[in-house]
Each structure stands twice: as C-alpha cells, then as structure tokens.
Amino acid sequence: MVSPIGLGCWQFSKQLNMAGKFWPKLEDDLINNIIKTSLDGGINWFDTAEVYGNGASENALARALTFNGKKPGQIMVATKWWPMFRTASNILKTIEQRIDALAPFPIDLYQVHQPWGFSNEKSEMEAMTRLVKENKIRYVGVSNFSAVQMRSAWETLQKNGIQLVSNQVRYSLLDRKIESNGILQTAKELGISVIAYSPLAQGLVTGKFHENPGLLKNIGMRKHSSQFKPGRLERSRPLIETIRKFANKYEVSTSQIALNWLIYSHGDTVVAIPGATKESHARENTGTLNFRLSAEDLALLDLESAMFRY
C-alpha cells in the first residue's frame, strides 16, 4: 500500500543533463531535509528515473533515505527506464546500473518512462516480465502511455501472470485530458493505478504566477511551456480564484486543495507525486493528507475545471 501522496524526485537531478536543467541544483543537506520532512509527514514512496541527471536523482534519493535511517523494505522506490533511441533489450542490459544507483534500496516499481523508443510495448513488457521473474524488480509500470498502449502492455503482462500496476501521466486541475482520452477509464477497468505527475501544473495551480507574472523569469525552461503564456494564465484565473476560496475555507494552502482534489476524486485509482525544492514544499505536500474536501466542494472544483478535460 502506498500513501496517496508520494514524492517526485526529478528536482534531485543536480542539473547534470538536459532533464536536470529544469530545476536548480539542490545540495545534499537540503535533499536530506526534504526527504525527512516527507517521511515525517507520512509519505512512504518516492519516484525517480534514470534520465533525471543520468542517475543523479536516484543516487541522491538513496543517500538521503540512508541518511534518514531508512533501510530496504521500510519504504518503496519507483524508478524508470528511458527508451529513447533504445530497444527493449536495453532494459535488461541496464538494470544493474539502476540497481547500483539506488543501492541499498531495491526497485519496487520499474516503469517504462515514455512510449517512444525503438521497441513496442509488448517487447518491453516481455523484458520487464523477465526482471520480475529474476527478482530484480517487484512491480511493473508505464508512463505517458495512451489507453491503447496501456491495454496492450497489460495484456502482455497478464499472459505471464503479472499485473501492470500503474501508468504515470500528467494530471492536474489544469490538465484533465486523461478523463477524455480513455486513459482514466481504462485504468479503472483494468485495476491500474494512475500516478499523477505535475499535479500542481508546475506551480500554476497555486496562483503565484497569476499574482506576480514577474516570477516567470526565474523558473528555468518551464517558462517556455504554453501553459505559462499570458492567454493560458487568464483562462485559468477563475479556477484559481475558486481554489483560493477553498484554501481559505479549509485553512490550508492552494496546493493542498489541488492535491486533495486529485487523490480523492477517483477513489483509490489516483495517487500524486508532487515535487519539492524546499522543506516547506514537502510540508505542504504531506499536509494534504490531514484533511478531506467535502463531496460538494470536490464537485464544484470538478465543474470549474471541466474545460481542462480537452
């Protein structure tokens, strides 16, 4: 069982490759404190990836968990294989690198990071099956897979007696496309968990960029995303005002309202992995677990954000 909120660890990339340039370089002391705050707040799983700094995030996570006294089996770690310009055989060739990067913590969930590689999902799932049977990973997941690709991966694993446990996709109040493109419906049908990444729309749902557009100058490569353009900011302003209203009502932060909507709108299907570049972010993330939006307020947020399903 995983906590409804996990910690996304992309920001631990140390700026060591293109993926790492999205975030400032975090020193180990800060990473240790972010992990401690997350653990103290009830988070029991962490999501990282090979491509996050070419293993730098995995290394930093393992060091921080060890620093905070955690031992293998006490928490759960998810990581991802990067498929670009690779075939499925690379899953088997590189698994020892992933195991070493996360040592001493085992890989509880191993995910195909994207559906864009030189192999199809069937051959990738065959490779994942072998890793499960060799006890090198516990569970298999995918990321950014369409409904059709997810079902195909599920079917391949089922033939080998293995369940596809998750599809990690972009999902937030400002991006609800998985509700209209079949991903969420298929996940519910097949018993697959949805791991919502970018659950705060890279900070947009907090309203801070609506209040102070000048902050956009200091957010690295994120500022080039279409969702940060002036027109998109104005389109989301009414929803941001509703989120603020509920934050005042529940005496919590706007990010906690947005996360609460995510993890409680679909039963146990959706879990979320917000990131954290400060201890205060980690504290806000875990604070989401301390309250629950009413059914009426969940429904109102659903209505106010309905335009973002398409």
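Our subject is the structure that appears above.
Residues numbered from 1 in each chain as written. Predicted model: local features only at pLDDT ≥ 70, side-chain atom pairs only at ≥ 80, totals over all residues. Heavy atoms only, no water.

*Asks:* Outline the nonpolar core, listing residues and values.
*Replies:* Counting residues in hydrophobic clusters, the biggest one holds 80 residues, and the most contacted among them are Ile35 and Phe46. It is helix α9 (residues 254–264) that provides the largest number of residues to this core, a total of seven residues. The next biggest cluster of nonpolar side chains, apart from the first, holds six residues, and it includes Trp45, Ala78, Leu109 and Ile195. (Core = buried A, V, L, I, M, F, W, Y, C linked by side-chain atoms within 4.5 Å. Buried < 20%, exposed > 50% of the residue type's maximum accessible area, 1.4 Å probe, protein only. Helix = DSSP H or I, 4+ residues; strand = E, 2+ residues; numbered from the N terminus.)

*Asks:* Got a sec to walk through the packing of helix α1 (residues 28–40) against helix α10 (residues 279–287)? Specific residues and values, please.
*Replies:* Between α1 and α10, the least distance of the axes is 8 Å, while the angle of their chain directions is 15°. In this view, α1 runs roughly parallel relative to α10, as classed from their interaxial angle. For the pair α1 and α10, the sense of crossing is right-handed. Across from Leu30, Asn33, Ile34, Thr37 and Ser38 in α1, the residues of α10 making contact are Glu279, Ala282, Arg283 and Thr286. (Axes fitted to C-alpha atoms, helices over the stretch in contact; angles between N-to-C directions. Parallel < 35°, antiparallel > 145°, perpendicular 65-115°, else oblique. Left-handed = near helix turned anticlockwise from the far one by under 90°. Contact = heavy atoms within 4.5 Å.)

*Asks:* Can you break down unusual backbone geometry residue by residue, with the values?
*Replies:* The omega torsion across alanine 103 and proline 104 is 10°, close enough to zero to call that bond cis. Examined against the element boundaries, proline 104 turns out to sit in the loop between α3 (89–102) and β4 (107–112). The backbone of phenylalanine 85 shows a phi angle near 65°, a positive value even though the residue is not glycine. Counting through the fold element by element, phenylalanine 85 comes out in the loop between β3 (76–81) and α3. Looking at phenylalanine 85, the relative accessible area reads 66%, which means it is exposed.

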